[in-house]
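Given next are the chains, with one letter for each unit.
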Amino acid sequence: MGRSLAIVVALAGAVVGAAALWPLPQEPEPLSWDPPPELIPPQPLVLPPAREQLIEFLPDQSIRLLRPSGREITVRYAAVVVDPQWVDVAFYGGWERELEANEDSSALAFVTGPTYERQQGFNDLGIALHGDLVLANGQWDAGNRAAARQRAYWAITTGGELEFGYGRLPPKADGRYRVFVGGLHAFHHPEAVPPESYKGVYQAMTLADVRIVYAWRDDGRLELLETADGLRFSDLELLVQARGFRAAFLPDHASKSRLIVPGEKLWSDEQALWVSGGRLDIIPLPFMLKLQPSRAWYEASDRL
């Protein structure tokens, strides 16, 4: 009996020893292999649109609107629709340069910029901006910082997407925006709640005038819209809602309104009288915003 027990113990020990020597199953090591360049599929080439497709000019537009009183009205307007992925905005400085803008073949369009105030000696133009500007040809900080904090902005990110928001250019926004236009009135923005600091440009507006609108369309494009004269703010609200804009901000109003498309929608004495409501004392502008093909568009076009 004792000998049998010794044999069993010896056999058990041998089995345990063998188990200790036999490796346990392990997860297979992941393969590490870099394929040669010729086997890597090429990235799809992003083709830029043709230059004439960077903006869409919509002249002589009209829309029928129904006021709360039940009266139906017709609102007439012209618009430029912009592809933010391929278009930049530049500062076009200088007093009364509208006729020069008519002949600028490098431009896609020109439009009114944000509000400002006269301050002689403040800079070459003698103005203080009410909003920060980040544009293709430089950055301009607001001269009136209090006003800039109380206003709104629209921007184009470095990824080519539109953004509508409130306040000044954020201090840590380096590299986030390719275009930033502050100093605006947030007329319509149902997707966002304005901060307590926001006051806007206007209080109660009852005058019937020409209006310039920066609008964020459902398709992600920017629409620059100039209404005909005689439009009330209440009618403009109906227009914005009927068009289904995600947001609509205003740079200024009345005789500061400019929308120029070289070769198609030109500035003239007749246009000046129309914008000013027939008055000869139209307010001159110290600058406009110039829309032009972006650097990315030129680089992509050169690769074709």
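Each remark here, short or long, concerns the structure printed above.
Quick look at the structure, then. Only a predicted model underlies this, so the values are computations on that prediction, with no experimental measurement involved.

What follows is about the environment of A228. Positionally, A228 belongs in the loop between β13 (222-227) and α4 (233-243). Here A228 falls in the partly exposed class, since its relative accessible area comes to 22%. With 168 residues separating them in the primary sequence, A228 and D60 have C-alpha atoms 9.7 Å apart. With residues near it in sequence (within four places) discarded, A228 still touches R76, Y77, D209, V210 and W274.

This part covers unusual backbone geometry. Even without being a glycine, D60 presents a positive backbone phi close to 50 degrees. Inspection of the secondary structure assignment puts D60 in strand β1 (residues 55-66).

Here the focus is the pattern of salt bridges. The full count for this structure, using the stated rule, is 15 salt bridges. Its salt-bridge partner being R168, residue D132 comes within 2.8 Å of it at the nearest N-O pair. Taken together, the residues span a long stretch of sequence, with D132 in the loop between β6 (127-129) and β7 (133-135) and R168 in the loop between β10 (162-166) and β11 (177-188) at a distance of 36 residues. By relative accessible area, which is 25% here, R168 ends up partly exposed. A salt bridge links D219 to R221, with the shortest nitrogen-to-oxygen separation between them at 3.0 Å. The exposure class of R221 is partly exposed, given its relative accessible area of 25%. Linked by salt bridges that have partners in common, E56, R217, D219, R221, E223 and R243 make up one network.

Here the focus is the sheet that holds strand β3 (residues 87-93). What the 4 strands build is an open sheet, ordered β3-β16-β4-β15; its pairing is antiparallel. Among the strands making up the open sheet, the edge pair consists of β3 and β15 (259-260). In terms of strand pairing, strand β4 (residues 109-111) meets β15 through 2 bridges, oriented antiparallel. What sits directly across from F110, in β15, is I260.

A few words on the pairing of strand β2 (residues 72-82). Judged by how many residues are buried, β2 sits mostly within the fold: 8 of 11 residues are covered. Between the end of β1 and the start of β2, which pair antiparallel, lie 5 residues, with G70 showing a positive phi angle near 100 degrees. As paired strands, β2 and β13 are joined by 6 bridges and run antiparallel to one another. In the sheet register, V80 faces β13, and the bridge partner there is L224.

Let us look at the pairing of β13. Counting buried positions along β13 yields 6 of 6 residues, so the element is predominantly enclosed. The alternating pattern of β13 places L222, L224 and E226 and E223, L225 and T227 on opposite faces, both of which are buried. Where strand β12 (residues 212-216) lies against β13, 5 bridges are found, and the strand directions are antiparallel. By the bridge assignment, W216 is partnered in β13 with L222. Connecting β12 to the antiparallel partner β13 that follows it, the hairpin turn spans 5 residues, and G220 within it adopts a positive phi of roughly 85 degrees.

Criteria and cut-off values
- Residues numbered from 1 in each chain as written.
- Predicted model: local features only at pLDDT ≥ 70, side-chain atom pairs only at ≥ 80, totals over all residues.
- Heavy atoms only, no water.
- Helix = DSSP H or I, 4+ residues; strand = E, 2+ residues; numbered from the N terminus.
- Buried < 20%, exposed > 50% of the residue type's maximum accessible area, 1.4 Å probe, protein only.
- Contact = heavy atoms within 4.5 Å.
- Salt bridge = Lys/Arg side-chain N within 4 Å of Asp/Glu carboxyl O.
- Pairing = 2+ DSSP bridges.

Geometric values such as these leave the question of function open.
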